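Residues per chain, in single letters:
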Amino acid sequence: MTDKSLFIEENILNSVKKLLSGRVNELLGETEYPIPPIEFGTYRGGSIVVPAITLSACERSEKERIVRLDAYTMTITFTVPEWPAGERNCYAYAASVAAALGEDPALGGAVDRAELTGKKYSPPKCAGTGADWGITLTLRITVEGGGYVG
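Note that the coordinates shown come from a computational prediction; the quantities given were computed from them, not determined experimentally.

J.: What is the right way to look at the environment of Ile76 in this model?
T.: Mapping Ile76 onto the fold places it in strand E2 (residues 69-81). For the pair Ile76 and Leu139, spaced 63 residues apart in sequence, the C-alpha to C-alpha distance is 8.1 Å. Aside from chain neighbours lying at most four places away, what touches Ile76 is Val16, Leu20, Pro51, Ala52, Ile53, Ile135, Thr136, Leu137 and Leu139.

J.: Whenever I open this one, the sheet that holds strand E1 (residues 52-57) confuses me. Can you help?
T.: The strands making up a sheet associate through hydrogen bonds between their backbones, and the pairing can be parallel or antiparallel. Across the sheet, four strands lie side by side as E1-E2-E4-E3; this open sheet has antiparallel pairing. Of all strands in the sheet, those with a lone pairing partner are E1 and strand E3 (113-122), marking the two edges. For this sheet, the mean inter-axis angle between neighbouring strands, taken without regard to orientation, is 20°. Examined bridge by bridge, E2 and strand E4 (residues 132-144) share 13 bridges and lie antiparallel to one another. The partner of Phe78 across the bridge, within E4, is Ile135. On top of the sheet, helix H3 (residues 86-103) reaches E2, E3 and E4; it is set at about 10° to E4, its chief contact.

J.: How should I be thinking about the side chain of Ser96 in this particular structure?
T.: The topology assignment puts Ser96 in helix H3. The buried category is assigned to Ser96, whose relative accessible area is 6%.

Criteria and cut-off values
- Sequence order as written defines residue numbering, which begins from 1 separately in each chain.
- At least 70 in pLDDT is required for a residue's local features to be given in this predicted model, at least 80 for side-chain atom pairs to be given and counted, and no such filter applies to totals for whole chains, interfaces and linings, which use all residues.
- To obtain the side-chain values, all non-hydrogen atoms of the structure were included, while hydrogens and water were left out.
- A run of H or I in DSSP becomes a helix once it reaches four residues, and a run of E becomes a strand once it reaches two; helices and strands are each numbered from the N terminus.
- Two residues qualify as a contact provided that any one of their heavy atoms is within 4.5 Å of a heavy atom in the partner residue.
- When DSSP locates at least two bridges between a pair of strands, those strands are taken to pair.
- Axis angles are defined between N-to-C directions and span 0 to 180 degrees, where every axis is a line fitted to C-alpha atoms and, for a helix, only to the segment in contact.
- Type-normalised accessible area, obtained with a 1.4 Å probe on protein chains alone, sets the label of each residue: buried when under 20%, exposed when over 50%, and partly exposed for intermediate values.

Keep in mind that these numbers describe shape and distance, not what the molecule does.
Structure, rendered in structure tokens:
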């Protein structure tokens with residue numbers, strides 16, 4: 001349920017974090033390979049992945065302005081250790097996020113719709129050096145109204 005004391009942006013961020021640390025981790029745990037789970041905090045290491053999440057308002061279409069639909073662009077960036085299986089883990093994170101959004105495109109009622117609109121995979125500059133893989137997922141999120149949640 002939503003917290004009425006939050007701004008809509010805070011609610012969106014909290015809902016995405018809950019999706020990532022909840023359902024996405026469940027999906028990752030169902031794979032046959034060990035994939036580090038997603039957590040939030042200051043820790044960074046091989047045993048967990050801490051994604052960076054950014055949210056920004058984006059340009060709305062004329063129709064969205066008329067019906068007062070706010071549109072946001074969210075990027076979720078994962079830095080994944082090259083070893084073991086960094087490339088495969090990137091694909092697993094992307095697939096798990098896509099599946100979780102497919103199951104709950106309203107993020108538990110926090111938004112009208114969240115959809116995955118882009119995936120960008122970034123290999124290490126020099127393979128075999130222990131540098132990190134990267135994946136950036138782009139979401140488009142629409143919310144009717146705006147301001148405070150409620």
